[in-house]
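An overview of the molecular structure
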Amino acid sequence: MSNQTPNSSSPSNQANVEQSTRCQHPLWQAIRTVPDFPKPGIDFYDITPLLLNHVNEVIDAMLDALPEGMLEEIDCFVAIEARGFIFASLLAGRLGKGMMLLRKPGKLPPPVANKSYALEYGSDTLEIQDGLHACNVLLVDDILATGGTLKTAYHLCIEAGHSVAGVLVLLDLVDLHDTFPVPVYTVLEG
């Protein structure tokens, strides 16, 4: 399950081919761009049409984005509210793996750890349950934009005693964020 292209002659050519493929992937055709939502200057990528007709293709593509053998190392998926719940549940169900939830304040029973973070259009807080046995996890969300949500998820998981193997997203808006402390695996790039 790799995103590698066998016809590439060098690592840099291979990376360019992989990036081009992610930018021109057929799943892009089902994503609707909504300008100036939720505020002026923000383009919102609406994945609803994609989920309506292409769920199996999306999950297949997300699994193919992971390096070979990685899934054997993962105990469970960490789903980030709210759309991360969709993808993590589908992945967990297909693979028979567990799932943890990262939620907005007041939704998880105590004890919880929480952390506030900045969004591209405001701020928010995430919580994770404390006291669960330590797992090797893969963070799952729909879109990686500025990275605030996923970095917060990473730090919350570490503070709760989990080992984070990486981040899996459907769409990575690569120009909006800096580097991550763990690898980011993606199907689409924008």
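A few points on the structure.

About the criteria used
- Residues numbered from 1 in each chain as written.
- Predicted model: local features only at pLDDT ≥ 70, side-chain atom pairs only at ≥ 80, totals over all residues.
- Heavy atoms only, no water.
- Helix = DSSP H or I, 4+ residues; strand = E, 2+ residues; numbered from the N terminus.
- Buried < 20%, exposed > 50% of the residue type's maximum accessible area, 1.4 Å probe, protein only.
- Contact = heavy atoms within 4.5 Å.
- Phe/Tyr/Trp six-rings, centres within 6.5 Å; stacked < 30°, edge-to-face > 60°.
- Lys NZ or Arg CZ within 6 Å of the ring centre and 35° of its normal.
- Pairing = 2+ DSSP bridges.
- Axes fitted to C-alpha atoms, helices over the stretch in contact; angles between N-to-C directions.

Turning our attention to the environment of Cys157. As for its position among the elements, Cys157 is in helix H6 (residues 148-159). Relative accessible area serves as the criterion here: at 0%, Cys157 is assigned to the buried category. For the pair Cys157 and Cys135, spaced 22 residues apart in the sequence, the C-alpha separation amounts to 9.3 Å. Leaving out residues up to four positions away in the same chain, Cys157 has contacts with Val78, Ile128, Val137, Leu139, His162 and Val164.

Tallied over the entire structure, the rule returns two aromatic pairs. Each ring, one from Trp28 and one from Tyr45, has its centre 5.7 Å from the other, and the planes form 70°; the classification is edge-to-face. Of this pair, Trp28 sits in the loop between helix H1 (11-23) and strand S1 (32-35) while Tyr45 sits in strand S2 (residues 43-46), placing them 17 residues apart in sequence. In terms of burial, Trp28 and Tyr45 fall into one category: buried. In this structure, Lys151 packs its charged tip against the face of Phe180, placed 5.3 Å from the ring centre.

Moving on to the sheet that holds strand S7 (residues 136-144). Across the sheet, which stays open at both edges, the five strands sit in the order S4-S3-S7-S8-S9 with parallel pairing between neighbours. Since the sheet does not close on itself, it has two edges, and those belong to strand S4 (98-102) and strand S9 (184-189), each with one partner. This sheet shows a mean twist of 20° between the axes of neighbouring strands, independent of strand direction. Sheet analysis places strand S8 (residues 163-172) next to S9, joined by five bridges and oriented parallel. Within S9, the residue paired with Leu171 across the bridge is Leu188.

As a further point, take unusual backbone geometry. Trans is the common state for peptide bonds, and a negative phi is the common state for residues other than glycine. The omega torsion across Phe37 and Pro38 is 5°, close enough to zero to call that bond cis. Between Glu81 and the following residue, Ala82, the backbone shows a cis peptide bond with an omega angle of 0°. The topology assignment puts Ala82 in the loop between strand S3 (76-80) and helix H5 (83-95). The backbone of Asp36 sits at a positive phi, close to 60°, despite the residue not being glycine. Its place among the elements puts Asp36 in the loop between S1 and S2.

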